[in-house]
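The lines below spell out each chain.
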Amino acid sequence: MRWTFLKAINDIRRRKIRSLLTVIGIFIGVAGIVSIVATARNLEQAQRYNYANASQDDLRWWVWNNTENTAYAISQLPNVAEVQRRANYTTKFRAGPDWFDVTFFGYADYSDLRVNKLDYVEGRPPGKGEVAFEQSTRDLVPGLKVGDEIIYRFGPYNQESRFTISGFVRTPSSPSAAILNFTLAYTTAPDVQKMLGISGNNEILLKVYDLASRTETRREVEDVFKKRNLQFGGFSARDPDNYLGKQELDTLVLLLLAFSGVGLVISGFLVANTLSAIVTEQVGEIGTLKALGAVRRQILEVYFFTALLYGLVGSLFGIVGGFILGKFLMGYLGGIVNFDVDRFSFQPEAVYLGLVVGLGVTMLAALVPAWSGTSISVRQALASYGINSTFGQGWLERGLARLHRVPPLIALSLRNLARRKTRNLITFGVVALSCAAFLAAQSASTSVGQTITDLYDIYGADGWVQFSTLQSDGFAEKIKTVDGVVASEPWSRGRLTVKASRVDLYGVPYDTVLYQKPVVEGRWFEANENNVALATTSLARAKNIKVGDTIEIEADKVRGELLIIGLLEDNSKYLGSTSAGKLFSPYQTVERLFRHQGRSDFFAVSFTNHDKAFVDKTMSAIEGRFKALAPSTLAAYSDKASAQQITAILQIMLYAMVAIIALIGGIGVINTLTLNVLERRREIGVLRSLGGSNARLVQIFLVEGLMLGLLGFIFGLALGYPLAAALVGVIGENTFPLSFIFDPGMVLLTFLFALALSGAASLLPALGAARVRISTTIRYG
């Protein structure tokens, strides 16, 4: 056993550069797996920590003008652990010329928060006339700092008032303001009550002992509201296994794991290539060992021990590097969902997985070259000179010899690649996987981006206006009198329960011009048609709904039925949505369902000009014209920008993984060409003695590398299409259905990527060949 260990160590020492490249490849693959698993586990722990330490609410209601007496009555219920009252008001604020959406929360005493506790990252709790912003507001409004004044709107005439910033807080599980395009802020209860025009609060939050009993607790709490004749609604319950943005983050982590797996497979190819080269170089030694009585098992042990050392060193460094990388990744992703990321902890699961995968891939990769290399007989081994005597007699060599019209340099490079078929075939695989990953990343990011664009194009509105009170449906005509408004329609929206799942319901006019009606089956509804709906295809698939079905619905304790007359290809979702899909009905049906027939507080609008500046100007004009109705507005471009922010994060992470995979692929090309240079020193000496210049030698090996890249690109196309389709399918399954996009432009970019990768990786070995001197080659052997 000792001589096996010593020989393995000696083989590695004799091939320092090659061994280093192999270890680096394993290191990168293991580091990717470890970092992603560690990040995913730490995100889960951060969610649990935030819930335990921030005391997030379990149940929540909108309760108009509630008082401390109501909170006391609720606190006496058996399953209620804590009760928190607060006031909230959604409006707009600005610290410069641009207005931003904000929800102000008002608490009576910030030193006695029992639910949804705040973590101050700068400054102090607000006093009267002061506000503490969610920390990510500074990503939305750069330069915002403690002591600055902001202007906000409130009241029936959109009066303007000022707050001074007292601090910045981290709001548990609220995604970054830059992602959502709106923010949260905290002030005193009297300040928000002044905005609302009431003396009490309008929201009650609960922590419960047993979340499984929330239905019974809800009934008991709502009985309290009814006995006090309080207006209430907007009930929501926390999902203990979910948080806003978790679905999107889980999808991203899954994609990163898939790409890390590709990187690890490429690392396995590097090991196979290196072991194949070592075995080839040591054919004579294998023959000598066998002649001296060594059996195949003993010789295999040498090469398996070499592979084990590669895997062990690469995996150990990869685990350390993975945790370092994971901490940075946790900081980036944790910042998006506002988690406390300072508690990045050691994850044994990631260590075990890194070792198992790193060593497992390495040993499997070593199996083929070690087994095939040691199968040689003593006579064959001792008679071998590295290139077998049949070279040039195979069908591939004969075919390449007939390439008379190909430029001599390319023909020579192709013939050289045929001399070490196994080694170069492995390298083709490395480049092919790199190209496939690049192609899949392009397709996935483009498919997501284009689907979002197409989905927003379905909506022809430039924005939406919501009023504080219900208006007659005919109010849409008044909105059209504002300069720049060309279309205005009363819409209605709400949430339903359909087959035990939450569904978003939209009511629109039958002759709407602000919705493109993407009907894929059935028909759109007609004038005066009631109790009918069209379902989105995602909802139809999830709940097995077909055209002609009558579905039962429930909304705010009102039950009803809707006849499905068509299906729509409109499957967009907002961040964190748990909706199973959408239903579209005549707005009169929705108004009747939610008991406000002939009235609406929500209007879609379209303008003569669709650029951002004009949209903002016209939205402001609408707000000014109807100031007494306290309108709030949402521009379509702002909503779209929020979705595109998520796409940008996906693109950054995907291309970061592609860069890592490309690095491993480049190491594979360097490894192969370095071996080729070492094996052909005598040929290089002959070329030099015949007058071959440095430039000519560089060209020979550079073209060999480019040929590897070209052939890898061809195989990569075959792998890239199914990989891209699988990635898009995974994203669509976990978010919303995507249009699969795979166009010629991606193929062209992948071709350039393959040439750049192989060309850059070939440069170092090619320059090394140019530095070989004739005197060195004479002594070589």
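Above: the structure in question.
Residues numbered from 1 in each chain as written. Predicted model: local features only at pLDDT ≥ 70, side-chain atom pairs only at ≥ 80, totals over all residues. Heavy atoms only, no water.

In terms of regular secondary structure, the protein is built from 24 helices and 20 strands. Sequence-distant contacts, at least 24 apart, represent 81% of the contacts inside the protein between residues at least 6 apart. Carbon and sulfur atoms make up 58% of the accessible area of the protein, which amounts to about 34,600 Å² in all. (Helix = DSSP H or I, 4+ residues; strand = E, 2+ residues; numbered from the N terminus. Contact = heavy atoms within 4.5 Å. Areas by Shrake-Rupley, 256 points an atom, 1.4 Å probe, with all protein chains shown as cover.)

A few words now on the packing of aromatic side chains. Overall, the coordinates contain 31 aromatic pairs when judged by the stated rule. A centroid spacing of 4.4 Å and a plane angle of 15 degrees characterise the contact between Tyr 152 and Phe 163, whose relative ring orientation is stacked. Of this pair, Tyr 152 sits in strand β6 (residues 149-154) while Phe 163 sits in strand β7 (residues 159-170); the two residues are eleven residues apart in sequence, bridging distant segments of the chain. One exposure class covers both Tyr 152 and Phe 163, and it is buried. A connected cluster of aromatic rings, assembled from ring pairs, spans Tyr 459, Trp 464, Trp 491, Tyr 506, Tyr 515, Trp 524, Phe 525 and Phe 584. The cationic tip of Arg 138 hangs over the ring face of Phe 168; the distance from NZ or CZ to the ring centre is 4.0 Å. Sitting over the face of the ring of Phe 602, Arg 493 holds its NZ or CZ atom 4.1 Å from the ring centroid. (Phe/Tyr/Trp six-rings, centres within 6.5 Å; stacked < 30°, edge-to-face > 60°. Buried < 20%, exposed > 50% of the residue type's maximum accessible area, 1.4 Å probe, protein only. Lys NZ or Arg CZ within 6 Å of the ring centre and 35° of its normal.)

Our focus in this paragraph is the nonpolar core. Core analysis: the biggest nonpolar cluster contains 74 residues, and Phe 259, Trp 464, Trp 491 and Tyr 515 have the highest contact counts within it. Sort the elements by how many residues they give to this core and helix α20 (residues 636-679) lands first, with 15 residues. Excluding its chain neighbours within four sequence positions, the residues that come into contact with Phe 259 are Ala 437, Ala 441, Leu 654, Met 657, Val 658, Ile 661 and Leu 727. Listed in part, the 37 residues of the second largest apolar core include Tyr 310, Ile 319, Phe 344 and Ile 376. (Core = buried A, V, L, I, M, F, W, Y, C linked by side-chain atoms within 4.5 Å.)

Once that is clear, we can look at the environment of Lys 117. Note on placement: Lys 117 falls in the loop between β3 (100-107) and β4 (119-123). When the C-alpha positions of Lys 117 and Asp 57 are compared, they lie 9.6 Å apart, and in sequence the two are 60 residues distant.

Moving on, we come to helix α7 (residues 214-227). With 14 residues, α7 extends 20 Å between its outermost C-alpha atoms, agreeing within 8% with the 20 Å of an ideal straight helix rising 1.5 Å per residue. By the burial criterion, the buried members of α7 are Thr 217, Glu 220, Val 221, Glu 222, Val 224 and Phe 225. In this fold, the buried residues of α7 make contact with β1 (59-66), α3 (68-75), β2 (80-94), β9 (201-208) and β10 (232-237). With its phi angle positive at about 55 degrees, Asn 229 sits one or two positions after the end of α7. (Expected span 1.5 Å × (residues − 1).)

A regular strand places its side chains so that they alternate between the two faces of the sheet. Pairing geometry for strand β11 (residues 463-472) and strand β19 (residues 599-607), over six bridges, is antiparallel. Note on β19: the bridge partner recorded for Trp 464 is Ala 604. As defined by bridge partners, β11 adjoins strand β20 (residues 632-635) across four bridges and the pair is classed as antiparallel. Each residue of the ladder has a partner; that of Gln 466, found in β20, is Ser 632. (Pairing = 2+ DSSP bridges.)

One non-glycine residue, Asn 116, lies in positive phi territory at about 55 degrees. Checked against the element boundaries, Asn 116 lands in the loop between β3 and β4. Assessed through its relative accessible area of 15%, Asn 116 is described here as buried. Unlike most non-glycine residues, Asn 544 shows phi in positive territory, near 55 degrees. Structurally, the position occupied by Asn 544 is in the loop between α17 (537-543) and β16 (550-555). We classify Asn 544 as exposed; its relative accessible area is 51%.

This next bit is on the packing of α3 against α7. One way to put it is that α3 packs onto α7 with a least axis distance of 10 Å and a crossing angle of 145 degrees. When you trace α3 past α7, the crossing you get is right-handed. Across from Thr 70, Ala 73 and Ile 74 in α3, the residues of α7 making contact are Val 221, Val 224 and Phe 225. The residue makeup of the contact of α3 with α7, split by class, is five nonpolar, one polar and no charged. (Axes fitted to C-alpha atoms, helices over the stretch in contact; angles between N-to-C directions. Left-handed = near helix turned anticlockwise from the far one by under 90°. Nonpolar A, V, L, I, M, F, W, Y, C, P; charged D, E, K, R; others polar.)

What follows deals with the environment of Ser 606. Here Ser 606 lies in strand β19. Expressed as a C-alpha distance, the spacing of Ser 606 and Val 485, which sit 121 residues apart in the sequence, is 5.9 Å. Not counting residues within four places of it along the chain, the set of residues in contact with Ser 606 comprises Gly 460, Asp 462, Gly 484, Val 485, Val 486, Ala 487 and Leu 514. A polar atom in the side chain of Ser 606 sits 3.5 Å from the side chain of Asp 462. (Polar contact = N/O pair within 3.5 Å; in protein donor to acceptor, adjacent residues only side chain to side chain.)

A full pass over the atoms with the stated rule returns 23 salt bridges. Where Glu 477 meets Lys 480, a salt bridge forms, and the shortest distance between an N and an O atom there is 3.8 Å. Residues participating in the shared-partner salt-bridge network are Asp 57, Arg 60, Arg 86 and Glu 203. (Salt bridge = Lys/Arg side-chain N within 4 Å of Asp/Glu carboxyl O.)

By the element assignment, Thr 537 lies in helix α17. If we skip the residues at most four places from it in the chain, Thr 537 touches Val 520, Leu 567, Leu 568, Glu 569 and Asn 571.

On to helix α6 (residues 189-196). Counted residue by residue, α6 has six buried out of eight residues, so it is predominantly covered. Inspection of α6 places Ala 189, Asp 191, Val 192, Gln 193, Met 195 and Leu 196 among the buried residues, and these make up the whole buried set. Downstream of α6 by one or two residues, Gly 197 has phi in the positive range, about 80 degrees.

Attention shifts here to the pairing of β6. Here β6 lies mainly inside the structure; five of its six residues are buried. Direction of pairing for β2 relative to β6: antiparallel, over a ladder of two bridges. Bridging from a neighbouring strand, Arg 94 pairs with Ile 151 of β6. Of the pairings in the sheet, the one linking β6 to β7 comprises six bridges and is antiparallel in character. In the strand pairing of β7, Glu 149 is matched with Thr 164.

Where nonpolar side chains cluster on the molecular surface, the patch consists of Val 320, Ile 324 and Phe 328 and spans about 340 Å² of accessible area. By relative accessible area, Val 320 is classed as exposed at 52%. (Patch = residues over 30% accessible without salt bridge, like charges linked within 9 Å, V, L, I, M, F, W, Y side chains within 5 Å.)

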